[in-house]
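What follows is each chain in one-letter form.
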Amino acid sequence: MHEVLITILILLAASLFAVALFKEMGLPSLMGYLLVGVAIGPHALGLMPQDGPTAWLAEFGVVFLMFSIGLEFSLTRLNAMRRIVLGLGALQVVVTHIVLTALFWLLGLSLLPAWALAGALTMSSTAILSKLLVERRELEKPHGRETIGVLLFQDLAVVPLLILVPAFASSQGDQWMGALALAMSKTVAALVLVLRYGQPLMSRWFDWVAKRRSPELFMINVLLVTLGMAALSEAFGLSLALGAFLAGMLISETAYRYQVEEDIKPFRDVLLGLFFITVGMFLDIGEVTRHFIYVAGLLVLVLAIKFTVVFVGSRMMGSKAPVAMRSALWLCTGGEFGFVLLAQSAGLEILPSFWLQTGAAALVLSMLLAPLIVAASDRLVLRFVASEWMTRAMELTAIAAQTIKVKQHVLILGYGRTGQYLARLLEHESVPAVALDLDPERVTEATAAGENVLYGDASRRETLIAAGLLRARAVVISFADLQASLRVLSVLRELRPDVPVVVRARAESDIDWLTAAGATAVISEAIEVSLMLATHTLALIGTPLSRVARRIREIRAQRYALLRGYFAGSSDERGSEGLEGEIRLHSVLLPEEAWAVGRHLGELGLKECGVEVAAVRRRGIRAQSPEPGLILRPGDVVILRGEQKALERGEAILLQGP
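Numbers given to residues run from 1 along each chain, matching the order in which its sequence is written. In view of the model being predicted, local features appear only for residues whose pLDDT reaches at least 70, and side-chain atom pairs are presented and counted only at 80 or more, with totals across whole chains, interfaces and linings using the full set of residues. Remark: hydrogens and water are excluded; side-chain values derive from all non-hydrogen atoms of the structure.

Draft legend 1. The arrangement of the packing of aromatic side chains in detail. Only Phe, Tyr and Trp rings take part, Trp by its six-membered ring, and two of them pair if their centres are within 6.5 Å. Stacked means planes under 30 degrees apart, edge-to-face means over 60, and tilted covers everything else. Within this structure, the stated rule accounts for four aromatic pairs. Look at Tyr294 and Phe354: their rings are 5.6 Å apart centre to centre, the planes differ by 85°, and that puts the pair in the edge-to-face class. A residue pair is termed long-range when its members are at least 10 positions apart, and Tyr294 in helix α14 (residues 292-316) and Phe354 in helix α17 (residues 353-375) qualify at 60 residues. Members of the aromatic cluster, connected to one another through ring pairs, are Phe104, Tyr294, Phe354 and Trp355. The criterion for a charge sitting over a ring is simple: Lys NZ or Arg CZ within 6 Å of the ring centre, and within 35 degrees of the ring normal. Between Arg383 and the ring centre of Phe384, over which it is positioned, the NZ or CZ distance is 5.2 Å. Helix numbering and strand numbering both begin at the N terminus, where a helix is a DSSP run of H or I of at least 4 residues and a strand a DSSP run of E of at least 2.

Draft legend 2. Representation of the pattern of salt bridges within the structure. For this analysis, a salt bridge means a side-chain nitrogen from Lys or Arg found within 4 Å of a carboxyl oxygen belonging to Asp or Glu. For the structure shown, the criterion picks out nine salt bridges. As a salt-bridge pair, Arg496 and Asp498 come within 2.9 Å of each other at their nearest N and O atoms. The class of Arg496 is buried, set by a relative accessible area of 12%. Three exposure classes are used, based on accessible area relative to the maximum for each residue type with a 1.4 Å probe and protein chains only: buried under 20%, partly exposed in between, and exposed over 50%. For Asp498, a relative accessible area of 56% translates into the label exposed. Of the charged contacts in the structure, one is a salt bridge between Asp636 and Arg618, with a shortest N-O distance of 2.7 Å. Taken together, the residues Asp636 in the loop between β9 (621-624) and β10 (637-642) and Arg618 in strand β8 (residues 612-618) connect sequence positions 18 residues apart. With respect to burial, Asp636 and Arg618 carry one shared label: buried. Salt bridges linked by common partners bring Lys141, Arg326, Asp378, Asp457 and Arg460 together as one network.

Draft legend 3. How the structure looks around the pairing of strand β6 (residues 521-524). Only one face of β6 is buried: it carries Val522 and Ser524, and the other face, with Ala521 and Ile523, is open. Where strand β5 (residues 501-505) meets β6, four bridges bridge the pair, whose relative direction is parallel. Bridge assignment links Val502 to a residue of β6, and that residue is Ala521. Throughout, right-handed denotes a crossover for which the path from the first strand over the helix to the second runs clockwise when the strands point away from the viewer. Once you follow β5 into helix α24 (residues 510-516) and on to β6, the crossover reads as right-handed. Here, any two strands with at least 2 DSSP bridges between them count as paired.

Draft legend 4. Summary view of the packing of helix α6 (residues 111-122) against helix α16 (residues 337-347). Orientation is described by axes fitted as lines to C-alpha atoms, over the contacting stretch for helices, and by angles from 0 to 180 degrees between their N-to-C directions. Between α6 and α16, whose axes approach to 7 Å, the crossing angle comes to 155°. When the interaxial angle is binned, α6 and α16 end up roughly antiparallel. Crossing of α6 over α16 shows left-handed handedness. Contacts from Ala116, Leu117, Gly119 and Ala120 in α6 reach Gly338, Leu341, Leu342 and Ser345 in α16. Amino acid classes used here: Ala, Val, Leu, Ile, Met, Phe, Trp, Tyr, Cys and Pro are nonpolar; Asp, Glu, Lys and Arg are charged; the rest, including Gly, are polar. Looking at the contact of α6 with α16 residue by residue, the classes come out as five nonpolar, three polar and no charged. When describing relative orientation, an angle under 35 degrees is termed roughly parallel and one over 145 degrees roughly antiparallel, while 65 to 115 degrees is termed roughly perpendicular and anything else oblique. Crossing handedness follows the turn of the near helix against the far one: under a right angle anticlockwise gives a left-handed crossing, and clockwise gives a right-handed one. The contact rule is simple, with two residues in contact once any of their heavy atoms fall within 4.5 Å.

Structure follows, in structure tokens:
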């Protein structure tokens, strides 16, 4: 036990600085874990062994990786995207695997090592690519749907690969067929049992646990299901990882999938980090440096093969060249599951050291390149696909043709529920409106119904100009994505500094960011709901409507200053109000020995640490927005407003000094 604790402490302490550094650089945190493994491993500083507690932690990391893959694997989603998943996804995995296996076999590897290494390099990163799709708002674009479909099939292909590699490795001579048949039959039987009988039982069980209203009990249940399925799989001669995948599949079909994803994510990410540290530990930088030309060659070869397979496959599925090229650029890099197969191959001593080191290094470099390739994808498509210019021009022409006669209109960016409600209200007031949206299905249905919505990317200058931005009376950003809104605001202010821009915000902390970026008005969802509740309540208890309306106008004119912040409680941890970055209130009672006693508010330096004094309560009287010259006394309650970390610093200043 002592050895395990020392191991965990060393790994976590080393990870803290590396992950913080990579986050600051905008790179995936798993690269920081890999760097830690390289540094403390036996080929560098030699601080950690590769066996014992380290290997035990790595196995837990794999279990939770497979659990998260199972959790994301939805039969409903698979059915909805079956054409892409079973078409392009199967084509990419099978063809890439066969081509890479043949290539490695021709380069001197025997069949099993070639097959295992090819499997590791065939996969792409679900974690990196899905996050990039969401951040860039390209999830519903044609190449985004193809990317998700292929990633979904890759997640499905994980299971047989995990089973087949050890089955092939343990078989001798002509016994491999029997080992393969036994392993696959066990897997199929487990899947049938889980999907046919496990899912209904699991839904009822989770309902029972959820009714107990205990977060701890719910979390214990998730861990119990995961580890129980893993142990059951191992008892039947299958892997722990397969059991974790089955547990994730079970939970993914219940009503509690998203709650489980939220609860398990921090714990899972830490365990995955420890796993990636162990991957980095068997990476010998000295050997990689000596054979860097081979690493670079393998990297270029894998990128080229995966790009070609996806591009040709997408074209065969009927996609246009620009869509096919974007899908190929997104999917040509490697993924985290490749490390799982490499670690498994290393443990079974399947791969020679040279190929193990070369494959791991190429995989690391490809994942580092993934965000850069994605960022350059639009420029590359415009550069190499001649039809993209024509397609882009036709889209802009279509937008301009429908809006050329429209003037003094409101431009609505985003046509989800909020955008549609807004458009209907404007229509009732006879105010012309033009909407832009990136969901082709939504645009098709709304256009068929006669609504003035167009397909287009609001973050592009040419799209906004074609939609009549230069003639618009106002612009409304109706989606609540901070980063996307900031990008759009940047373009809007460059083209039309004078146009009023109203922006929707989910979190209170977004108000300041959006205002600084040029928003004329920012509408906070949480605060506006409170205002409407207050309006109806005051009206029902007899408060004159003129007074209510005046108060609401004052609050909005002050950018919600009176209502900013809330007192957090334990019940907020699960909801959207508990998100990092929310503006909160915190009460601090000043004892006689507090540093701030006897000092003016203005000399405390609270604003410098991101905190403001919302009010001071003295002898039962509460003073809102107190003057900087107010002298604090013992027994005063100072109500601070700010983000959680800033509140902690502010309290420390009040009690102990700067």
